[in-house]
Amino acid sequence: MIFSGVGDFEKYSIAAPLPSAMVESFRAFGYDIGTAIADLIDNSISAGAKNVWLSFHWDGNNSHVSIRDDGHGMTESQLISAMRLGSQSPLEQRESHDLGRFGLGLKTASFSQCRRLTVASRSKNHEVATSRWDLDYLTQVNEWRLLRSPADGSEQKLNDLANMFQGTIVLWEYLDRFVGNARTDDQKAQNDFLETVEVVENHLAMVFHRFLEKRDRLKLWINNRLIKPWNPFLLDAQATQILPSEPLTFNGETVKVQPYVLPHHSKIDQESYNRAAGVNGWNAQQGFYVYRNERLLVAGDWLSLGYQKDEHCKLARIQVDLPNSMDSEWNIDIKKSRARPPVILKADLKRIARLTRHRATEIYRHRGKVLARENTEDHVFMWDKKIMRGKVFYSINKEHPLVQEVFNIPNNYQPMIRALLRLLEETVPVQQIWLDSSVEPEKQAQAFDEIPSEQVMEVMIEIYRALRKANLTQEQARDRILTMEPFQRFENLVQNLSEELIRGKNHDSL
Ligand SMILES: Nc1ncnc2c1ncn2[C@@H]1O[C@H](COP(=O)(O)OP(=O)(O)O)[C@@H](O)[C@H]1O
Ligand SMILES: [Mg+2]
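Keep in mind the model is a prediction, meaning the values are calculated, not measured. (Residues numbered from 1 in each chain as written. Chains lettered and ligands numbered in written order. Predicted model: local features only at pLDDT ≥ 70, side-chain atom pairs only at ≥ 80, totals over all residues. Heavy atoms only, no water.)

Asker: How should the overall build of the protein be read in this particular structure?
Answerer: On a plain count of helices and strands, the protein comes out with 17 helices and 15 strands. Whereas a compact globule of 510 residues would reach a radius of gyration of roughly 24 Å, the protein reaches 32 Å, over 25% beyond that. Taken over the C-alpha atoms alone, the protein extends approximately 105 × 60 × 40 Å along its principal axes. Buried residues in the protein amount to 46% of all 510 residues. Partitioning the intrachain contacts of the protein with sequence separation of at least 6 by distance along the chain shows that 65% fall at a separation of at least 24. In the form shown here, the protein has an accessible surface area of approximately 27,800 Å², with 50% of it arising from carbon and sulfur atoms. Across the protein, the centroid of the 64 positively charged side chains sits 3 Å from that of the 68 negatively charged ones. (Helix = DSSP H or I, 4+ residues; strand = E, 2+ residues; numbered from the N terminus. Rg over C-alpha atoms; globule rule 2.2 N^0.38 Å. Buried < 20%, exposed > 50% of the residue type's maximum accessible area, 1.4 Å probe, protein only. Contact = heavy atoms within 4.5 Å. Areas by Shrake-Rupley, 256 points an atom, 1.4 Å probe, with all protein chains shown as cover. Lys, Arg positive; Asp, Glu negative; His and termini not counted. Charge placed at Lys NZ, Arg CZ, Asp CG, Glu CD.)

Right under this line is the structure:
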């Protein structure tokens, strides 16, 4: 091959990277334990595994983690090349279902968490092959010496493979990053270890949810417990809004974008609401969910399109599906936890984001009643939002029939009533309400939440009376009340409103 700019007879030296120096860099890619394990599971999935068994075994500084799968495994020579750092060029075309890219994940993910990586693998009709990177040894000899057997005393940790006709076990020992030198009886360290197991479980439930949702596709086990998928879009909740999906085409490839607005918390039960928040909480989990071959790369991010994670947009979640042939355009990083859209798609993504955020804000503010509110002119609300001199404030709707009726009191009482209403308007505890509802939204009562119907009736009767005085018929008065918040929710009670009921109350006659 002829290389431009290099003559055939130029002198050269070999300046290969020093293993002892490189190893520490390979450890510093910034994986956390969840992303590291997800990278290994990618390999299992690419190898056609139907089951992946994770085992976290506590034993102080001898603790170990293993990831075993029933995929097609590797022969000895395949295993050796898989253990090589940079086993395949990122520029090579991959099969469409392949979740790998840089030929590094197995090694860099493992080194980020442990100092000893042993891989045993068996492909159909072959013996079990074993390889081991031992970072302490490697640093000491300063050569890329791949060891060919398990460490003394570690053989039984690979035993499970003996009963399988194909599959792979990845074993991590010397977990210096998340166990360190802890003693076996160190209770706090053990608790941290168990907590880590939970963090990993939640992360995997999210990253691989589309694999776990389909029957017979993939089962993920963690310490013998089956991991349940976590779907960010609450698809089984009726109230989730599915906005129109859009295919965006770029370089002959198609990216599918599907926006969702999740339900207001009043529309789903508490448990579903809490679970839907996700590992990082409602606010952090808004934005785009970028999937590559159905594997989640980015779980809630506005992708540097100029949007913040605002509390009032937290119900917006947008699914984006990429094929693995767009990796370089989307700047997929080695850890597979970042993706950046190509410039050419930014305007479209921004438009979709804006629309979805807008919808989500409406749902967030108006408890899902927004559509009725927009589509009909004659809804009656108690509060108006006003902007004066650039500042927002909330005023009581003086057109509300009950307010109008109150102003029919004798003139000399009027200043008192007006003063009271004004004071209420001036002291709406906006900050407090905002704080309370963002910290514990589920604890915000709805209007007349769990209030006996007689009390709801008391208020309603006064409005009914006011409407009748304003010459509406009984029928019209009842219909009108149904357009007022919050009585849409009390349709049955509204139907009970009648002259008899009012006469029964000790009040001026109509
Ligand atoms: N669990 C596994 N089963 C079968 N083959 C595997 C497994 N893990 C890794 N490999 C092989 O090792 C190679 C290198 O893996 P890795 O370092 O993660 O890079 P990449 O996934 O980007 O190719 C893979 O391409 C695959 O051929
Ligand atoms: Mg990989």
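Asker: Help me out: how do you make sense of the packing of aromatic side chains in this one?
Answerer: Aromatic rings in a pair are described by how distant their centres are and how their planes are angled relative to each other. Throughout the structure, instances matching the rule amount to 14 aromatic pairs. With a centroid separation of 6.1 Å and an interplanar angle of 70°, the aromatic rings of Phe56 and Phe193 are classed as edge-to-face. Of this pair, Phe56 sits in strand S1 (residues 51-57) while Phe193 sits in helix H6 (residues 187-207); the two residues are 137 residues apart in sequence, bridging distant segments of the chain. Relative accessible area serves as the criterion here: at 6%, Phe56 is assigned to the buried category. Between Phe178 and Phe193 the ring centres are 6.0 Å apart and the planes differ by 10°, which places this aromatic pair in the stacked class. With Phe178 in the loop between strand S5 (167-173) and H6 and Phe193 in helix H6, this pair connects stretches of sequence that are 15 residues apart. Just as Phe178 is buried, Phe193 falls in that class too. (Phe/Tyr/Trp six-rings, centres within 6.5 Å; stacked < 30°, edge-to-face > 60°.)

Asker: Is there a simple way to explain the layout of surface pockets in this structure?
Answerer: Gaps left between atoms show up when a probe the size of a water molecule is rolled over them. Roughly 840 Å³ of volume is contained in the second largest pocket. Taken together, 33 residues form the lining of the second largest pocket, with Asn43, Ser46, Met74, Ala82 and Arg94 sitting closest to its centre. Where the lining of the second largest pocket is concerned, the elements lending two or more residues are helix H2 (33-46), strand S2 (64-69), helix H3 (76-83), helix H4 (105-111) and S5. Per element, the largest residue contribution to the lining of the second largest pocket is five residues, and it comes from H2. Split by residue class, the lining of the second largest pocket holds 10 nonpolar, 15 polar and eight charged. (1 Å grid on protein atoms, 1.4 Å probe; cavity = no way out; pocket = protein on both sides within 12 Å on 5 of 7 lines; lining within 4 Å. Points joined across faces, edges and corners; volume = space filled by probe spheres on them. Nonpolar A, V, L, I, M, F, W, Y, C, P; charged D, E, K, R; others polar.)

Asker: Looking at this structure, how should I read a nonpolar patch on the surface?
Answerer: Together, Trp383, Val392, Tyr394, Leu420, Leu424 and Val430 line one region of the surface with nonpolar side chains, adding up to about 510 Å² of accessible area. Looking at the nonpolar patch, the elements that each hand over two or more residues are strand S15 (391-396) and helix H12 (414-426). Summarising the element assignment, Val430 is placed in helix H13 (residues 430-439). (Patch = residues over 30% accessible without salt bridge, like charges linked within 9 Å, V, L, I, M, F, W, Y side chains within 5 Å. Salt bridge = Lys/Arg side-chain N within 4 Å of Asp/Glu carboxyl O.)

Asker: Help me understand the site of ligand 1 in this model?
Answerer: Near ligand 1 you find 17 residues, and of these Asn43, Asp69, Arg101, Gly103 and Lys107 are the closest. Taking Asn43, its side chain carries an N or O atom lying 2.8 Å from an oxygen atom of ligand 1. In the environment of ligand 1, a nitrogen atom lies 2.8 Å from a nitrogen or oxygen atom belonging to the side chain of Asp69. Burial of ligand 1 by the protein amounts to 86% of the accessible area it has alone, namely 540 Å². Structurally, ligand 1 is housed in the second largest pocket. Per-element accounting of the shell around ligand 1 gives the leading share, three residues, to H4. (Near = heavy atom within 4 Å. Polar contact = N/O pair within 3.5 Å; in protein donor to acceptor, adjacent residues only side chain to side chain. Sits in = over half its atoms within 2 Å of the grid points.)

Asker: Sorry, what's going on with the sheet that holds strand S4 (residues 129-134) here?
Answerer: Across a sheet, strands are paired by hydrogen bonds formed along the backbone, either parallel or antiparallel in direction. Pairing is mixed in the open sheet, where seven strands are placed in the order S4-S3-S5-S2-S1-S6-S7. The sheet terminates laterally at S4 and strand S7 (225-226), the two strands that pair on one side only. Of the strand pairs in this sheet, S1 and S2 are connected by six bridges, and their pairing is antiparallel. Bridge assignment links Phe56 to a residue of S2, and that residue is Val65. The sheet strands contacting H3 are strand S3 (116-122) and S4, and the helix crosses S4 at an angle near 20°. (Pairing = 2+ DSSP bridges. Axes fitted to C-alpha atoms, helices over the stretch in contact; angles between N-to-C directions.)

Asker: Explain the domain arrangement of the protein to me, please; I cannot follow it from the model alone.
Answerer: Bring the parts together and some accessible area is lost; that lost area is often taken as the interface size. Looking at the assigned domains, one finds that the protein contains domain 1 (19-226), domain 2 (241-366) and domain 3 (383-504). Here domain 2 and domain 3 have C-alpha centroids that lie 38 Å from each other. Contacts between the two partners involve seven residues from domain 2 and, on the opposite side, seven residues from domain 3. Here domain 2 meets domain 3 over a buried area of about 550 Å², counting both sides, of which 52% is carbon and sulfur. When the buried surface of domain 2 facing domain 3 is broken down by residue, His265, Gln270 and Glu311 rank first, second and third, together holding 55% of it. One can count zero salt bridges joining domain 2 with domain 3. Our count for the contact surface shared by domain 2 and domain 3 stands at zero residue pairs in polar contact (both at pLDDT 80 or more). A per-class count over the side of domain 2 that touches domain 3 returns two nonpolar, three polar and two charged. (Domains from an automatic or database assignment. Buried area = accessible area lost by both parts, 1.4 Å probe.)

Asker: How should the packing of H2 against H6 be read in this particular structure?
Answerer: Describing two packed helices takes the angle between their axes plus the distance from one axis to the other. Where H2 meets H6, the axes come as close as 9 Å, and the angle between the chain directions of the two elements is 50°. In terms of orientation, H2 lies oblique with respect to H6. Of the two elements, H2 crosses H6, and the hand of that crossing is right-handed. Note on element contacts: H6 touches H2 through Thr196, Val200, His203, Leu204 and Val207, opposite Ile33, Gly34, Thr35, Ile37, Ala38 and Ile41. Here the residues of the contact of H2 with H6 are counted per class, giving seven nonpolar, four polar and no charged. (Parallel < 35°, antiparallel > 145°, perpendicular 65-115°, else oblique. Left-handed = near helix turned anticlockwise from the far one by under 90°.)

Asker: In this structure, what is going on with the side chain of Asp70? I would like to understand it.
Answerer: Position of Asp70 relative to the elements: it lies in the loop between S2 and H3. Buried and without a salt bridge, Asp70 has Arg68 as its closest oppositely charged side chain, separated by 7.8 Å. At 2.9 Å, the side chain of Asp70 forms a polar contact with the backbone nitrogen of Asn51. For Asp70, the residues in contact, after removing those within four places along its chain, are Ala49, Lys50, Asn51, Trp53, Met164, Gln166 and Gly167.

Asker: How should I be thinking about the pattern of salt bridges in this particular structure?
Answerer: Where charged atoms from two side chains of opposite charge come close, those side chains can pair. In this structure the tally under the stated criterion is 31 salt bridges. For Arg116, the salt bridge identified is with Glu173, shortest N-O distance 3.1 Å. You can see Arg116 sitting in strand S3 and its partner Glu173 sitting in strand S5, a full 57 residues away along the chain. Considered together, Arg116 and Glu173 belong to a single accessibility category, that of buried residues. Between Lys314 and Glu311 there is a salt bridge, with the nearest N and O atoms lying 3.1 Å from each other. Accessibility classification places Lys314 together with Glu311 in one group, the buried group. Connected through shared salt-bridge partners, Glu24, Arg27, Arg115, Asp136 and Asp176 make up one network.

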